[in-house]
Amino acid sequence: MRKYFVLFVSVSILLLLGACSNASSASGDGHNMILAHNHPTDHPVHKSLEKFKEEVEERSDGEMTMTLYANGQLGDEREVIELTQTGAVDVTKVSAGALESFRPEYSIFGLPYLFEDTDEFKEKMSDPEITDVIYNSSEDIGFVGLTYFDAGSRSLYTRDRVVEDTEDMSGLKVRVQPSATSVAMIEALGGTPTPMAYGEVYTSLQSGIIDAAENNLTSLVSSKHGEVADHWMYTEHAIVPDMLIMNKQRLDRMTEEQRQIIHDSAEAANAFHEVVWNEATEAAAEEAQNEMGVEFHEVDKSSFIESVQPLHDEMKADETMGPIYDLFKGGDSDEES
Ligand code: GCU
């Protein structure tokens, strides 16, 4: 109850601040920007967002300013996306998985085993002809993408069961992001999907409401899921990036120069993230195994890859998603991925 009261008060204050900043458009509108996200302050994404803020403030000689709200203080991912649509929040970092229910284009990232490996993923994400289609897909619903942050590949982790192939998925209740593609993926793999917000995963694993979750390695340590999960399986089933998105009207109210600063700073934060992300995942794997006692297992991915092929076929045949699939997979859209 208290959480909702605090949230209500915070959002009311933000709306008030938003109304004040709406008034100041003559010389652009770069003051008092609000950036909200759901990771703790020791998470690599938070460090990259601090870098983004620093770059914006430095490049504008302090004319543009930004305040960061971490830890889901302003709401879970769905809530902050909605706040970014209305302009109560200016910028947010959310998973592409959470954006999928706002714009279908983002569901491409949830499609399991789309990319061969992270190199292929990064190559596609460095091509503006591909990313612009994704980033601009939400213009008409109030926000645009600025850049992405690598969030590695997602794997399965369980409270107490070792999963070797899809047969072991039977009856396994797996938390997924609130995304239709993730639900379909766990169903195709033979498990039982349970969509819920990220902030609820720790207690749900602890109490046994769910048997498993799937995410990148930092979740074990940064959100302490390794305390309540005994096994990590390298299924590496999806590469779902974190996205930096911004309220479209706020961006439009800026001067050309201010907009350029936003875009250049986002690019600088993306490059910075590459370094901190790699360091953080290596450290997380070590800490989870050596200090939290999580057992790591390699799996034979072939039964996983085979089970999700119908999802690829469905996406290729979809009117909106077929062209997006082709954009990412180029000429080899009919080949096995
Ligand atoms: C990743 C991502 C978060 C997201 C989470 C999830 O950790 O960085 O932004 O909330 O996945 O599974 O919901």
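Scroll up for the structure.
One structure accompanies this document, and this report is about it. Owing to the predicted nature of the structure, the values given are computational and were not obtained by experimental measurement.

Focus: the pattern of salt bridges
For the coordinates displayed, the defined rule picks out 18 salt bridges. With a closest N to O distance of 3.2 Å, Glu 120 and Lys 124 form a salt bridge. Of this pair, Glu 120 and Lys 124 both sit in helix 5 (residues 118-125), 4 residues apart, which is roughly one turn of that helix. Each of the two residues, Glu 120 as well as Lys 124, counts as buried. Across the pair Arg 259 and Glu 256 runs a salt bridge whose closest N-O atoms are separated by 3.2 Å. In this pair, Arg 259 and Glu 256 both sit in helix 11 (residues 256-290), 3 residues apart, roughly one turn of the helix. Here Glu 256 falls in the exposed class, since its relative accessible area comes to 56%. The structure contains a network of salt bridges with shared partners spanning Asp 29, Asp 90, Arg 250 and Arg 253.

Examining the packing of aromatic side chains
Inspection of every chain in the model, using the stated rule, returns 8 aromatic pairs. With a centroid separation of 5.3 Å and an interplanar angle of 75°, the aromatic rings of Phe 115 and Phe 121 are classed as edge-to-face. For the pair Phe 121 and Tyr 148, a centre-to-centre distance of 5.6 Å together with 85° between the ring planes defines the contact as edge-to-face. Here the residue Phe 121 occupies a position in helix 5, and Tyr 148 occupies one in strand 4 (residues 143-149), the gap between them amounting to 27 residues. The exposure classification of Phe 121 matches that of Tyr 148, with both residues buried. In textbook terms, an aromatic cluster arises when at least three aromatic residues are bridged by ring pairs, as seen for Phe 109, Phe 115, Phe 121, Tyr 148 and Phe 328.

Cut-offs used in this document
Residues numbered from 1 in each chain as written. Predicted model: local features only at pLDDT ≥ 70, side-chain atom pairs only at ≥ 80, totals over all residues. Heavy atoms only, no water. Salt bridge = Lys/Arg side-chain N within 4 Å of Asp/Glu carboxyl O. Helix = DSSP H or I, 4+ residues; strand = E, 2+ residues; numbered from the N terminus. Buried < 20%, exposed > 50% of the residue type's maximum accessible area, 1.4 Å probe, protein only. Phe/Tyr/Trp six-rings, centres within 6.5 Å; stacked < 30°, edge-to-face > 60°.

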